[in-house]
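Summary of structural features
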Amino acid sequence: MAKRRVCVVTGSRAEYGLLSVVMRAIQQDADLELQVVATGMHLSPEFGLTWRVLEDDGFPIDAKVEMLLSSDSPVGIAKSIGLGTMGCADAFDRLKPDILLLLGDRFEILAAAQAALVARIPIAHIAGGDTTEGAFDEAIRHSITKMAHLHFVTNEGAAKRVRQLGENPEQIHVVGSPGIDQIRSLKLLTRQELAQELCFDFKEKNLLVTFHPVTLEDIPAKQQFQELLDALDQLGNGTGLIFTKPNADTDGREIIAMIDAYVATRPHTRAYTSLGQLRYLSAMAQVDAVVGNSSSGLYEAPSFGKPTVNIGDRQKGRLQASSVVNCGADAGEILAAIGEALHRDCSGAVNPYGDGHGAERIVSLLKQLGDPKALLKKHFHEVAL
């Protein structure tokens with residue numbers, strides 16, 4: 001019997017960090033054949049050419065889809081989506097996957113979903129049903145859910161929302177976040193090893209800082225990020241700061257320029273275009289708190305017993321552990337939240353996103369699936385009000 005071809009599309013370091021453990025499980029299964037399409041930031045020198053990380057990790061790339069324009073304006077992003085749809089259409093026509101596996105809510109993944117929809121390729125979607133009110137990722141995520149046929153959600157609340165979108169309850173499976181699998185399986189770097197890797201001198205207190213543009217906010221991302229920098233300045237040189245730069249979102253390059261300028265004059269800080277999953281999770285394990293508006297502060301940080309200062313509305317509505325401290329994008333509020341986080345005991349925090357066995361559940365369900373083509377005609381399942 002021919003192996004079932006499962007095609008994974010990845011466009012950024014963020015979703016690859018969650019997907020890689022699932023990709024490994026597919027690759028190692030005798031009944032499945034992994035196909036890999038790299039696109040978006042993976043192919044950009046500006047964002048570190050991270051397609052090489054995939055190959056270094058043992059994942060040969062079957063297709064590279066160039067789509068990322070140098071502009072991060074709304075017009076540039078929209079045009080990038082169009083290029084991605086065209087490129088994925090060609091890639092899927094050549095690879096002829098039996099099913100497409102997508103994760104999350106980025107615009108690169110929307111492009112892949114659109115190409116698969118009209119090509120009649122069934123889509124399995126990881127992490128649908130979450131809510132994030134401060135960014136247009138929310139609409140993208142729900143759009144992919146409606147184009148998808150098999151749903152691997154991270155929690156029961158997300159499963160309920162996918163049902164509310166009219167999806168077949170029999171095709172909705174709570175598997176948890178595969179990012180927790182990664183934490184469970186990786187041998188993290190020690191503080192000394194990480195310090196050498198990053199050329200970073202850990203201080204008495206240390207923070208991991210990631211701030212992405214908030215694409216639905218009236219207050220510009222630049223202004224919000226400046227509030228964060230003003231708050232961090234008040235901590236002084238005794239607090240080490242590790243910045244990870246934002247993704248290729250609208251106005252992301254403004255934030256990157258601000259990070260570079262900030263770090264250039266402050267020796268207790270370092271900034272990185274892409275840490276990679278091992279160094280990023282190792283840093284999370286070693287710092288005293290995670291600060292910013294990245295989903296990793298909600299998905300992964302609780303598993304380390306680390307507090308998260310979650311700024312603004314970008315993650316509003318997402319399920320949160322007791323280790324998360326929320327605040328507005330105001331320097332005073334951010335500083336107060338950091339102070340609260342550093343004094344909060346998070347050792348007993350329970351991660352609401354699963355137990356670290358999501359990848360094996362996903363692979364098992366992909367194998368148990370009958371003819372994937374049978375999923376293509378979907379009936380809208382009404383929810384009783």
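The preceding data block contains the structure.
Definitions and cut-offs
Residues numbered from 1 in each chain as written. Predicted model: local features only at pLDDT ≥ 70, side-chain atom pairs only at ≥ 80, totals over all residues. Heavy atoms only, no water. Helix = DSSP H or I, 4+ residues; strand = E, 2+ residues; numbered from the N terminus. Rg over C-alpha atoms; globule rule 2.2 N^0.38 Å. Buried < 20%, exposed > 50% of the residue type's maximum accessible area, 1.4 Å probe, protein only. Contact = heavy atoms within 4.5 Å. Areas by Shrake-Rupley, 256 points an atom, 1.4 Å probe, with all protein chains shown as cover. Salt bridge = Lys/Arg side-chain N within 4 Å of Asp/Glu carboxyl O. Pairing = 2+ DSSP bridges. Right-handed = clockwise from strand over helix to strand, strands pointing away. Disulfide = S-S within 2.5 Å. Axes fitted to C-alpha atoms, helices over the stretch in contact; angles between N-to-C directions. Core = buried A, V, L, I, M, F, W, Y, C linked by side-chain atoms within 4.5 Å.

Each helix and strand counted, the protein chain has 14 helices and 13 strands in total. The C-alpha radius of gyration of the protein chain comes to 20 Å, within 12% of the 21 Å expected for a compact globule of 385 residues. Overall size of the protein chain, expressed as C-alpha extent along the three principal axes, is 60 × 45 × 40 Å. With 385 residues in all, the protein chain has 57% of them scored as buried. For the protein chain, contacts bridging at least 24 residues in sequence account for 69% of all contacts bridging at least 6. Counting only carbon and sulfur atoms, one obtains 51% of the accessible surface of the protein chain, whose full area is about 15,600 Å².

This part takes up the pattern of salt bridges. Two side chains carrying opposite charge are able to pair once their charged atoms lie near each other. Tallying each qualifying case throughout the model produces 15 salt bridges. The shortest N-O distance in the salt bridge between Arg5 and Asp98 comes to 3.6 Å. Placement of Arg5 in strand β1 (residues 4-10) and of Asp98 in the loop between α3 (74-95) and β4 (99-103) is noted, with a sequence separation of 93 residues between them. On the basis of relative accessible area, Asp98 is assigned to the partly exposed category, the value being 25%. Glu46 is the partner of Arg253 in a salt bridge, and the nearest nitrogen-oxygen pair spans 2.9 Å. Residue Arg253 is located in helix α10 (residues 252-264), and its partner Glu46 is located in the loop between β2 (32-39) and α2 (51-56); the two are separated by 207 residues in the primary sequence. Using a relative accessible area of 39% as the deciding quantity, one classes Glu46 as partly exposed. What you see here is one network of salt bridges that share partners, running through Asp29, Asp31 and Lys367.

Time to look at unusual backbone geometry. In the Ramachandran plot, Leu49 falls in the positive-phi region, its phi being about 45 degrees despite a non-glycine side chain. Among the secondary structure elements, Leu49 is positioned in the loop between β2 and α2. Exposure remark for Leu49: the relative accessible area of 22% places this residue in the partly exposed category. Even without glycine at this site, Cys199 takes up a positive phi of about 50 degrees.

Within β1, 6 of the 7 residues are buried, leaving the element largely enclosed by the surrounding structure. With 7 bridges connecting them, β1 and β2 associate as parallel partners. When the sheet's bridge partners are listed, Val9 is paired in β2 with Val37. Viewed along the sheet, the connection from β1 through helix α1 (residues 13-27) into β2 turns out right-handed. Bridge count between β1 and β4: 3 bridges; the pairing is parallel. For Val8, the partnering residue across the bridge sits in β4 and is Leu101.

As enumerated under the stated definition, the model contains 0 disulfides in all. You can see Cys346 has no disulfide; the closest cysteine sulfur is in Cys327, sitting 15 Å from it. Relative accessible area serves as the criterion here: at 5%, Cys346 is assigned to the buried category.

Turning our eyes to something else, we now look at the side chain of Gln277. Mapped onto the secondary structure, Gln277 falls in helix α11 (residues 276-286). Beyond its immediate stretch of four places on either side in the chain, Gln277 contacts Gly17, Gln182 and Leu186.

Okay, the environment of Val53 next. With respect to the helices, strands and loops of the structure, Val53 is situated in helix α2. Residue class for Val53 comes out partly exposed when judged on its relative accessible area of 33%. Residues Val53 and Tyr16, 37 residues apart in the sequence, show an inter-C-alpha distance of 9.8 Å.

With that settled, consider the environment of Thr85. Note on placement: Thr85 falls in helix α3. Distance from Thr85 to Phe225, taken between C-alpha atoms, is 32 Å for residues 140 residues apart in sequence. When neighbours within four sequence positions are excluded, Thr85 is seen to be in contact with Ala111, Gln114 and Ala115.

So, on to the pairing of β2. Most of β2 sits inside the fold, with 7 of its 8 residues counted as buried. With α2 bridging β2 and its parallel neighbour strand β3 (residues 63-65), the resulting β-α-β unit is right-handed.

Right, let's talk about the sheet that holds strand β12 (residues 308-311) for a bit. One open sheet holds the 6 strands; their spatial order is β10-β9-β8-β11-β12-β13, and the pairing between them is parallel. For this open sheet the edge positions go to β10 (269-272) and β13 (324-327), each flanked by a neighbour on one side alone. Going from strand to strand, the sheet's axes swing by 20 degrees on average, the running direction of each strand aside. Two strands pair when backbone bridges link them, and strand β11 (residues 289-292) and β12 are joined in this way by 3 bridges, in the parallel orientation. Note on β12: the bridge partner recorded for Val290 is Thr308. Along the sheet, helix α9 (residues 221-233) contacts β8 (205-210), β9 (239-244), β11 and β12; its crossing angle with β9, the most-contacted strand, is approximately 155 degrees.

Looking now at the nonpolar core. Residues Met23, Ile26, Leu101, Ile126, Phe152 and Leu366 are the most contacted members of the largest nonpolar core, which totals 37 residues. Elements represented by at least two residues in this core include exactly β1, α1, β2, α2, β4, β5 (123-126), β6 (150-153) and α14 (358-368). When residues of this core are assigned to their parent elements, the largest contribution, 7 residues, is made by α1. In this structure Leu366 touches Arg4, Val6, Ile26, Ile99, Ala124, Leu150 and Phe152, once residues within four positions along its chain are discounted. One finds Leu102, Leu110, Ala111 and Ile121 within the second-largest nonpolar core, a separate group that totals 28 residues.

Remember that the coordinates give geometry; whether it matters functionally is a separate question.
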